[in-house]
Amino acid sequence: MNRFTSFTNYVHRVYTTHDGEVYPLPINLGTINQFFHAHYTPAQARELIARQAGELAGTDPQNLNDKGISLIGRPLYEAFIKNYTAKQWQTNPSDLPSGIITRLPVRFTYDNRYFKDTWEGLPTGGYTAWMKRMIDDPRIHVTLGTDFFDDSQPLNKNRLVGKVPVVYTGPIDRYFDYALGELKWRTVDFTEVRYDEGDHFGCPVMNYADPDTPYTRAIEFKNFNPERRDSQNPDRTVVWKERSRFATRLDEPYYPVNTVQDKTLYHAYASRAHQEPGVVFGGRLGTYAYYDMHQVISSALHAYEHQVAPLLAAEPGR
Ligand code: UDP
């Protein structure tokens, strides 16, 4: 990626509003001490959480509900995870895969870096500038507003599959015209709010942990780019509030729900995908996977090396 963009030194931090108070995430010693009105040391907090999480001690939790309780105990789980998760997924947490919240660890220090990766940052000029540079090559031709499933235009599925290598990154169930049934996805609706003040939240992401706030979280864009402070409007700010719901076929799918039934259905589609001549399925939608950006990049590079390059090498005339 460094060929196409430099990165800022942005570090992701998220706060959450619960019962009229703002707490730091991921759940850390600051969250714990604020929540219990205490001044626990790391060892004392660890001991408390171990006791509260003890109801599931010795088990290997497979679903989000049990995983949440076993990580942080029931009081913190119910305050910060349970209702947010209900809003985000509208699926019983006992039916959701536990992997969703291994993304959200508990820390017995005051470290509230959201991610633990060694390298963190945002593309300096933004994602659009980065993508523009990536496709700026005479061998790359981009056609937008083109429906792969519309036979009345030339770049369609029936005409291309089996003739040229195809990388398909749309929903895998859509590719097969939902022949085996529909995979469940969540989509997100955004509401934009503009404020006549320089900074509304003081952070880029504010989550809402309680059920009486219909939004899951709100994003304040300018706070992703503190390095642009001097060129930002000191008196105005833009916030987007996010609300999640089940996606219909007409919506943009964002998050795979991934219940046990969804996984079984996905595997049935994936084995059909293997039979498709010269088609590589990729991305969140093509592989029904809940990827972060670095995982998207890694899976794309891997797919190129192991699937796309061999197809290109076999192309006549190369
Ligand atoms: N989560 C939660 N409370 C929060 C933040 C996250 O319960 O305040 C849980 C929730 O189940 C969510 C998951 O952790 O779906 C992952 O959330 P994150 O915001 O890290 O992922 P993103 O939505 O950005 O992909």
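Everything that follows concerns the structure shown earlier in this document.
Since the structure is predicted, the reported quantities are computational estimates derived from the model, not experimental observations. (Residues numbered from 1 in each chain as written. Predicted model: local features only at pLDDT ≥ 70, side-chain atom pairs only at ≥ 80, totals over all residues. Heavy atoms only, no water.)

A. Highlighting the environment of Asp-196. Within the secondary structure, Asp-196 is located in the loop between strand S4 (185–195) and strand S5 (205–208). The exposure class of Asp-196 is exposed, given its relative accessible area of 68%. Considering only alpha carbons, one finds Asp-196 and Pro-234, 38 residues apart in sequence, at a separation of 9.4 Å. When near neighbours in sequence (up to four residues on either side) are disregarded, Asp-196 contacts Asp-235 and Arg-236. Polar side-chain contacts of Asp-196 include one of 2.9 Å to the side chain of Arg-236. (Helix = DSSP H or I, 4+ residues; strand = E, 2+ residues; numbered from the N terminus. Buried < 20%, exposed > 50% of the residue type's maximum accessible area, 1.4 Å probe, protein only. Contact = heavy atoms within 4.5 Å. Polar contact = N/O pair within 3.5 Å; in protein donor to acceptor, adjacent residues only side chain to side chain.)

B. Structural detail: the sheet that holds strand S7 (residues 237–246). Sheet architecture is open: seven strands sit in the order S2-S1-S5-S6-S7-S4-S8, paired in mixed fashion. At either end of the open sheet lies a strand with only one pairing partner, and these are strand S2 (21–25) and strand S8 (255–256). In terms of strand pairing, strand S1 (residues 14–18) meets S5 through four bridges, oriented parallel. When the bridges of S5 are listed, Thr-17 appears paired with Tyr-208. (Pairing = 2+ DSSP bridges.)

C. Broad picture of the packing of helix H3 (residues 64–72) against helix H4 (residues 74–89). One way to put it is that H3 packs onto H4 with a least axis distance of 8 Å and a crossing angle of 145°. At the point where H3 passes H4, the crossing takes the right-handed sense. Contacts from Leu-64, Asn-65, Gly-68, Ile-69 and Ile-72 of H3 reach H4 at Arg-74, Leu-76, Tyr-77, Ile-81 and Thr-85. The class makeup of the residues in the contact of H3 with H4 is six nonpolar, three polar and one charged. (Axes fitted to C-alpha atoms, helices over the stretch in contact; angles between N-to-C directions. Left-handed = near helix turned anticlockwise from the far one by under 90°. Nonpolar A, V, L, I, M, F, W, Y, C, P; charged D, E, K, R; others polar.)

D. Here's a closer look at the packing of aromatic side chains. Inspection of every chain in the model, using the stated rule, returns 25 aromatic pairs. Between Tyr-127 and Trp-130 the ring centres are 5.4 Å apart and the planes differ by 45°, which places this aromatic pair in the tilted class. Of this pair, Tyr-127 and Trp-130 are both found in helix H5 (residues 127–135), three residues apart, which corresponds to roughly one turn of the helix. For Tyr-127, a relative accessible area of 36% translates into the label partly exposed. Residue Trp-130 is classed as buried on the basis of its relative accessible area, which comes to 3%. An angle of 75° between the planes, with centres 6.1 Å apart, marks the rings of Phe-149 and Tyr-168 as edge-to-face. One end of the pair, Phe-149, is in the loop between H5 and helix H6 (157–160); the other, Tyr-168, is in strand S3 (residues 166–168), and 19 residues separate them in sequence. (Phe/Tyr/Trp six-rings, centres within 6.5 Å; stacked < 30°, edge-to-face > 60°.)

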